Amino acid sequence: MEKVVAQIEELPRAIVRRVVKDKLSECCPDYDINLQKDSLLAFSESARIFIHYLSATANDICKESKRQTMNADDVLKALEEIEFPEFIAPLKASLDEFRKKNAGKKAGASKAKEVNKKRKTEEEPSKKSGAKSKHSKGDQNNEDKGGAPGNS
């Protein structure tokens, strides 16, 4: 059972390897550094523990604010609280970039929703008038047969 739980919490090895190798290639562009399996496991486990510690601290900050939904500001405050202030500026920059990219998508989605809503609003009156004309036509047929509207 412990092995199953450990596998669920493990970070994807391919992603960890890519992140580590990318960073190492930035630091030492002249060398192609290989990673042993145990070093990759150490990086992965370290990152997992860091994520757990950061998320627990951010959760505490969120609870102190009497909220149930954690936001980016909680994570930024948690980074400061666990004494990793050097991560705050790069994280803010990444968040700003992410928000700018998604702002365009949200605006496009909002416009699409608005157009669909307008289209539905325009279709409803025509459907209603179509339904009325069918009803009134049936009443007219009954009147032609000498009956009162609605009587068969």
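This structure is a prediction, so every number in the text was calculated from the model and none was measured.

Thresholds, definitions, all that
- Throughout, a residue's number is its position along its own chain's written sequence, starting from 1.
- In keeping with the predicted nature of the model, local features appear solely for residues at pLDDT of at least 70, side-chain atom pairs appear and are counted solely at 80 or more, and the whole-chain, interface and lining totals rest on all residues.
- Side-chain measures here rest on the full set of heavy atoms in the structure, leaving out hydrogens and waters.
- Here the nonpolar core consists of buried residues drawn from Ala, Val, Leu, Ile, Met, Phe, Trp, Tyr and Cys, with membership extended through side-chain atoms lying within 4.5 Å.
- Relative accessibility under 20% of the residue-type maximum defines a buried residue, over 50% an exposed one, and the middle range a partly exposed one, all with a 1.4 Å probe and only protein chains included.
- Secondary structure is summarised from DSSP: a helix means a run of H or I of at least four residues, a strand means a run of E of at least two, and numbering begins at the N terminus for each.
- Here, residues are in contact when the closest pair of their heavy atoms is within 4.5 Å.
- Any pair of Phe, Tyr and Trp rings, taking the six-membered ring for Trp, is counted once the centres come within 6.5 Å. Such a pair is stacked with planes under 30 degrees apart, edge-to-face with planes over 60 apart, and tilted for the rest.
- Per-residue confidence from the predictor is given as pLDDT, running between 0 and 100.

1. Observations regarding the nonpolar core
And then number 1: Among the nonpolar cores identified, the biggest contains 8 residues, and these are Leu-54, Ala-58, Ile-61, Leu-76, Ala-78, Leu-79, Ile-82 and Ile-88.
And then number 2: Every element with two or more residues in this core is listed here: α3 (37-64) and α4 (72-81).
And then number 3: Excluding anything up to four places from it in sequence, Ala-78 contacts Leu-54, Thr-57, Ala-58 and Ile-61.

2. Side note on the packing of aromatic side chains
And then number 1: What the rule picks out here adds up to 3 aromatic pairs.
And then number 2: Relative to Phe-87, the ring of Phe-50 has its centre 6.1 Å away and its plane inclined at 70 degrees; by these criteria the two rings are edge-to-face. Pair noted here: Phe-50 is in helix α3 and Phe-87 is in the loop between α4 and α5 (88-144), with a separation of 37 residues, a long-range link.
And then number 3: Phe-50 gets classed as partly exposed once you look at its relative accessible area, which sits at 26%.
And then number 4: Using a relative accessible area of 35% as the deciding quantity, one classes Phe-87 as partly exposed.
And then number 5: Of the aromatic side chains, those joined through ring pairs into one cluster are Phe-50, Phe-84 and Phe-87.

3. Comments concerning unusual backbone geometry
And then number 1: Although it is not a glycine, Lys-66 sits at a positive phi angle of roughly 60 degrees.
And then number 2: Relative to the elements of secondary structure, Lys-66 occurs in the loop between α3 and α4.
And then number 3: Positive phi outside glycine occurs at Glu-83, with the angle close to 65 degrees.
And then number 4: Tracing the backbone through its elements, the reader meets Glu-83 in the loop between α4 and α5.

4. Description of the confidence of the model for the protein
And then number 1: In this model, the protein carries an average pLDDT of 81, and 75% of its residues clear a pLDDT of 70 or more.
And then number 2: Put simply, helix α1 (residues 2-9) is where the protein has its lowest mean pLDDT, 58, and α4 is where it has its highest, 97.

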